[in-house]
Each structure stands twice: as structure tokens, then as C-alpha cells.
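# A closer look at the structure
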Amino acid sequence: MSASTAVLKAETKLFAREPGSLFWVLAFPSLLLLGFGLIPKYRQIDPGLGGNRIIDFYVPSVVLVALITASLLSMPGALTTYRERGILRRMRTTPARPSHLLVAQMVLHAAAAVLGAVLAIALGRLVWGVALPEQMLAYGVSLLLATLAGLAMGAVITALARTAKAAQAIGLAVFFPSMFAAGIYVPTQVLPDTVRQVIELIPFGAAAQALNQAANGSWPTWTHLTVLALWTVGLMAIAARWFRWE
Amino acid sequence: MSIVEVEGLRKTYGAVTAVDDVSFTVAEGEVFGILGPNGAGKTTAVECVEGLRVPDAGRIRVAGFDPIREHDELTKILGVQLQASELQAKLTVREALEMYSAFYADPADWRPLVERLGLEAQLGQRFGKLSGGQKQRLFIAVSLLGNPRVAVFDELTAALDPRARRETWQLVRDINASGVTILLVTHFMEEAQYLCDRVAVFDRGRVVALDTPDALIKNSDSSVVISFRPSTPLPDAGLQSLPGAVSVTRDGAKVVIKGNDDTVQAVTSMIVRERITARQLRIVDATLDDAFLSITAGAGSDHSATVQGDF
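Residues numbered from 1 in each chain as written. Chains lettered and ligands numbered in written order. Predicted model: local features only at pLDDT ≥ 70, side-chain atom pairs only at ≥ 80, totals over all residues. Heavy atoms only, no water.

## Section: the interface of chain B and chain A
Reports often express the size of an interface as the amount of accessible area lost when the parts come together. Facing the 27 residues of chain B at the interface are 27 residues of chain A. For chain B, the biggest contributors to the area lost against chain A are Q88, K90 and F103 of chain B; these three give 25% of the whole. The tally of links between chain B and chain A comes to 5 salt bridges. Between R97 of chain A and D72 of chain B there is a salt bridge; the shortest N-O distance is 3.1 Å. Elements with a minimum of two residues in the side of chain B that touches chain A: α2 (71–77), β5 (78–81) and α3 (93–101) of chain B. With 4 residues, the single largest contributor to the side of chain B that touches chain A is α2 of chain B. Taken together, the residues that form the side of chain B that touches chain A break down as 13 nonpolar, 6 polar and 8 charged. (Contact = heavy atoms within 4.5 Å. Buried area = accessible area lost by both parts, 1.4 Å probe. Salt bridge = Lys/Arg side-chain N within 4 Å of Asp/Glu carboxyl O. Helix = DSSP H or I, 4+ residues; strand = E, 2+ residues; numbered from the N terminus. Nonpolar A, V, L, I, M, F, W, Y, C, P; charged D, E, K, R; others polar.)

Here it is, written out as C-alpha cells:
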């Protein structure tokens, strides 16, 4: 077994032992969707939304919630703790590299976010008959780009926060605007045009639009995907510049 | 033949010089101690040896490897226990050993190691639930997984109770007997005396003495500290000429004399002879710091000026 595989294996076990992360990434998005589904108005067809129900628009937003909690709260918390406790440092004294831990954490959080997303999509389909994404490939591509952008945001938080506590504070500060951009507080469809245009320029706003378009059967507008790609590249560069191993 | 060579090592953090012109060599098979008070630069020095810190100047070789440029090669032959470092809290002992074993091309079998370290009962336990002694034993096990030629132990027993400390000392001896060269950082004189073939005494970033423990103790002649407030002032010259007196300092009206048992006798008979009342007379065994002052021959040197904190 190679060093990176061994680290991934151990980190997978550890991830399964974090009830907090498991709840926020896997269960919370579905619970949120269940909560929305309990509101009768959200289940009624709204002519103002092109004959859709509000719940139909919420599924792509809730899909992003898994990603938001995984990348902004869970991953920076785990990595800053590893740095704070000298776990990354210890690894530097062995033939393994501490970057193995970083990669393992990113892979695991990305996988968990996708799993949380799939659970939410399945729940929407089974309980309220929300149509599955019509453009599966486009949906997958959008989700992949959103995941990369989310991980990049998490990486920047990890790089800038000196302690796990600071990471938590920064993570929460970014968490609420991200939830808004993803359309959790109000569906972005009902927002004024100018507000929407601004939201579409930030990662989770662009991601929500792209997922909605893919869910409704069209390829996402290129600007949304470009916005996601640009954020990913920019944020990763910042994270790489400022990250400290100890 | 020396397996660790440090020559003219210098490391600064901003305006603070942590290590300055440090040189020492460790022979293969030796237990080499680095002894010194907090902030003396011990940890900085060994972290340069481990390749965790980049020296500002100097030359380091471990089994011929440059710790920075040949870090990958170094990690294959060096086992390290860091002073302040943990493992993942929810990782079990077994999982930690399996994961760290996978880092080496030809790892040691961890089962006999665990047996020797008395950790069999803890294999399924999580790191966060281990006692201080168990954690340290696990760190020792982890540091030995790669069959290292050199092991660096930094304050291995600092957090342990006296019993666990004794047990750990025996372990270190066993490890050394199996052919591993050991670089041991400690601030316990007793530990250094028990384990080390040779000791480098660090003080304010420099090596101030380097010898066998026996020789160091023999040369350290201020084993007792005598302090009192004399009823009439005493001239320094008279006190300094007392037998065995190494240093005489004053703290207000208080006189502090460092010396040995002979000095104690001389002081008591002087008090009687001169008919002085010695208020608050205290005679205590010198602490490690006092021994350092003696070793550095720094009569009157102000130790409180040392920058504190572990570098």
C-alpha cells in the first residue's frame, strides 16, 4: 500500500467517526429540503415561476448546501486542527508528505458533498416527485466545477486561519452569504434582477444558476461555468501562496 | 565514526538568535544528550537536524545526508519524536501503526514493537484517549517503524510521572542496545546522566560544555546555594575567598553564595566566629539552572535575561 493510499484509508475511517461533519454534509441538506417540503405553499404550482413549484427550485440549492458545509466548515476545521496539533509536521519527518493529508481531506469532503447532494436529489424525487436533472452531463459538470470552487474557498480559509477557532469563525462568516447566493433563504428566481446579477458573479450563486439550468434541460450559460472556473483558479493560487504547514 | 555532524549551526527568528555557532558530532551507536534550560535552543538545533527548519548558516549531515536538500533520503533513516505534536485524536493505535508503516519501503513489524513497549492492550484505543505515557510510547513505536539508524527524542519524558519516566529510560537503553544511535533532548540532568554517553550543554543558543555526564558533574562545583541576610554587612572579598565558593551575589540585603558542602561549613563557622545573626538562612541543593551557571563559569551572569519559550 502506498503512503497516499494508507493516508486516504485512515482518513476515511476518521471521517466516518466525525458525527458533526457527517450530519452537516450528509444529513443536513436533506433535512433542510424536508423542512421546505412541509410548507404547503412551496408545493403549489406557481404560474409566476413558469408553472414550477418552489420546491423544484430548492433541490439544486440544497444540493449546494452539502458542498457549502463540507468545504467551508468541515474541511477547514479538520485541516487547521491537523496543523495546530502538529500532525502535518510529524508527517514531514517521514517519507510520506503532509500534502497526502491535504489531498485525502479534499477527496473525502468532495465525495461526501456529492453523496449529500445525491441524497437530497433522491429525496426530492421520491417525496415530491421533483424531476431528476434533465441534462445529467451538464448537471455533473456544473456540480464538479462548483465542488472545485468550494474546495478552493475552503483551502483559502485553511490558509488564512491561524487556528481551528479562527477557521470556524471565517467559515461561518462565508457560510451565510454562500447560503444566500445558493438561494436557500429565498429562491434567486424571485430576487430583483440587479441583486441576481451580482449573486451570479460569486461561486455558489453561479453554481446555483448553472445547476438550475441543467436541471431544466439546457446547458448552463457559459458565463456561470467561467465564473466558477475563474474563482477556482484564483482562490487556489491564493491558498497555495499563503498556506503554512505549521 | 560520526553519524551526525553539526558544524557552525546558526538559526535566528527575526531579532532573536535561537542557535549560534553550534557544533557537535554524534558517533554511531552513541546516546548523545542535548541538555539545557527552556529557550536554550535545543529544539531548534534538533529540528535543523531533522530538516524541519532551514539553518541560516552552518553545515549538517546525518548519515551523509543534507537534511534540507536530501530530506527524502533523510526521512528513511531518521526516526523522530517531536516535542509538541500529536496524532489524529480518533485514530486508534493500530491504525496509526499501520498507516505509518505504509510510509516506509521496508517497515519494521509493529507487533513485536508494540509488545516491547507494552501497548498491546491499547491497540484498539484512540490516540485521544491514551495517557501521557502511552502517547509517548506510541510516538517511540512510530519513530522506530522505519528501522531508523538515528532516532531523535525531544523531551521524551517531560510530561511523564517519575515511574513512567524510569520505564521510558529503560526503553531508550534497549533501543540503543539494538543499534540505534540516539539524539536525546532533555532538561533533566538526571535523565542525561542516566542515559547519555556524552552531553552537549546548551545555554542561550550556544554549546557551553560538551563531555561525558560524569565529567560534567565533576567539573560543576556549585552544588549548594546558601542565602541569608547578615545583621552586619559582609565584604564580598571575604565571601568569595570561602572554600568552594563559586559565586557571591547580592539581592538587596540578602547574600547568595553558590558553592559546595565545604562552603556550607565555612559559612556556618564564619557566622559563629563573626557573631553575625544570619536571618532567613537557607541552604538548598543547587537546581539545574545553578549547575548551568557553574558550567558556564558565568559568575554574576544574569540568567533571567535568557529569552524564555521553547524555540
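That was the structure; now back to the text.
## Quick notes on empty space enclosed by the protein
A complete count under the given rule lists 4 cavities of 30 Å³ or more for this structure. The computed volume of the largest cavity comes to approximately 70 Å³. Of all elements in the fold, only α1 (3–16) of chain A together with α3 of chain B reach the threshold of two or more residues within the lining of the largest cavity. Here the lining of the largest cavity takes 4 residues from α1 of chain A, the largest share from any one element. Partitioned by chemical class, the residues of the lining of the largest cavity number 4 nonpolar, no polar and 4 charged. (1 Å grid on protein atoms, 1.4 Å probe; cavity = no way out; pocket = protein on both sides within 12 Å on 5 of 7 lines; lining within 4 Å. Points joined across faces, edges and corners; volume = space filled by probe spheres on them.)

## Quick look at the layout of surface pockets
Residues and elements named next belong to chain A. What the largest pocket holds in volume is close to 690 Å³. In terms of lining, the largest pocket is formed by 28 residues, of which the most central are E18, S74, G77, A78 and T81. Looking at the lining of the largest pocket, the elements that each hand over two or more residues are α1, α2 (19–37), α3 (54–84), α5 (99–128) and α7 (164–181). By residue number, the principal contributor to the lining of the largest pocket is α3, which donates 9 residues. Of the residues belonging to the lining of the largest pocket, the class tally is 13 nonpolar, 10 polar and 5 charged.

## Details of the sheet that holds strand β9 (residues 206–211) of chain B
Residues and elements named next belong to chain B. With mixed pairing, the 6 strands of this open sheet are ordered in space as β5-β6-β7-β3-β8-β9. On the outer flanks of this sheet lie β5 and β9, each paired with one strand and no other. With direction set aside, neighbouring strand axes in the sheet form an average angle of 15°. As judged from the 5 bridges shared by strand β6 (residues 150–154) and strand β7 (residues 181–186), these two strands associate in the parallel manner. Of the residues in β7, the one forming a bridge with V152 is L183. Where helix α5 (residues 132–144) meets the sheet, it contacts β5 and β6, and its direction lies at approximately 165° from that of β5. Its contacts with the sheet put helix α6 (residues 162–177) on β3 (31–35), β6 and β7, and the angle it makes with β7 is roughly 155°. (Pairing = 2+ DSSP bridges. Axes fitted to C-alpha atoms, helices over the stretch in contact; angles between N-to-C directions.)

## Overview of the environment of D66 of chain B
All names here are of chain B. Within the secondary structure layout, D66 lies in the loop between β4 (57–62) and α2. On the basis of relative accessibility, which here comes to 13%, the residue D66 falls in the buried class. A sequence separation of 17 residues divides D66 from V49, and the C-alpha atoms of the two residues are 8.7 Å apart. Not counting residues within four places of it along the chain, the set of residues in contact with D66 comprises I60, R61 and H71. (Buried < 20%, exposed > 50% of the residue type's maximum accessible area, 1.4 Å probe, protein only.)

## So, the sheet that holds strand β10 (residues 224–230) of chain B
All names here are of chain B. One open sheet accounts for 4 strands, arranged β11-β12-β10-β13; its pairing is antiparallel. Edge positions in the sheet fall to β11 (247–251) and β13 (278–285), since each has one partner strand and no second. Across the sheet, the mean angle from the axis of one strand to that of its neighbour is 15°, orientation sign disregarded. Across the sheet, helix α10 (residues 261–274) is in contact with β10, β12 (254–259) and β13; its angle to β10 comes to roughly 15°.

## Quick word on the packing of α3 of chain A against helix α6 (residues 136–160) of chain A
Residue and element names in this part refer to chain A. In contact at an axis separation of 9 Å, α3 and α6 are set at 30° when each is read in the N-to-C sense. It follows that α3 is roughly parallel to α6 by the angle criterion. Remark: the crossing between α3 and α6 carries right-handed chirality. When α3 is examined against α6, the residues P60, V63, L64, L67, S71, L72, M75, P76, L79, T80 and R83 are found in contact with a partner set consisting of Y139, L143, A146, T147, G150, L151, M153, G154, A155, I157, T158 and A159. (Parallel < 35°, antiparallel > 145°, perpendicular 65-115°, else oblique. Left-handed = near helix turned anticlockwise from the far one by under 90°.)

## Considering the domain arrangement of chain B
The assigned domain composition of chain B is domain 1 (2–218) and domain 2 (220–296). Between domain 1 of chain B and domain 2 of chain B, the C-alpha centre-to-centre distance is 38 Å. (Domains from an automatic or database assignment.)

## Quick look at the environment of L191 of chain A
Residue position: L191 of chain A is located in the loop between α7 and α8 (193–199). Look past the residues within four positions of L191 of chain A in its chain and what remains in contact with it is F180, V186, R196 and I199 of chain A.

## Quick word on the side chain of T69 of chain A
Take T69 of chain A: it is sitting in helix α3. In contact with T69 of chain A, other than residues within four places in its own chain, are W24, V25, F28, S74 and F175 of chain A.

## Re the pattern of salt bridges
This model, assessed by the stated rule, comprises 25 salt bridges over all chains. The closest approach of N and O atoms between E246 of chain A and R89 of chain A, which form a salt bridge, is 3.0 Å. Of this pair, E246 of chain A sits in the segment after α10 (222–242) while R89 of chain A sits in helix α4 (residues 87–92); the two residues are 157 residues apart in sequence, bridging distant segments of the chain. When the shortest N-O distance is used, the salt bridge between E28 of chain B and R149 of chain B registers 3.3 Å. Taken together, the positions of E28 of chain B in the loop between β2 (16–27) and β3 and R149 of chain B in the loop between α5 and β6 put the pair 121 residues apart, joining distant regions of the chain. Through salt bridges with shared partners, a single ionic network connects R89, R92 and E246 of chain A together with E47 and R53 of chain B.

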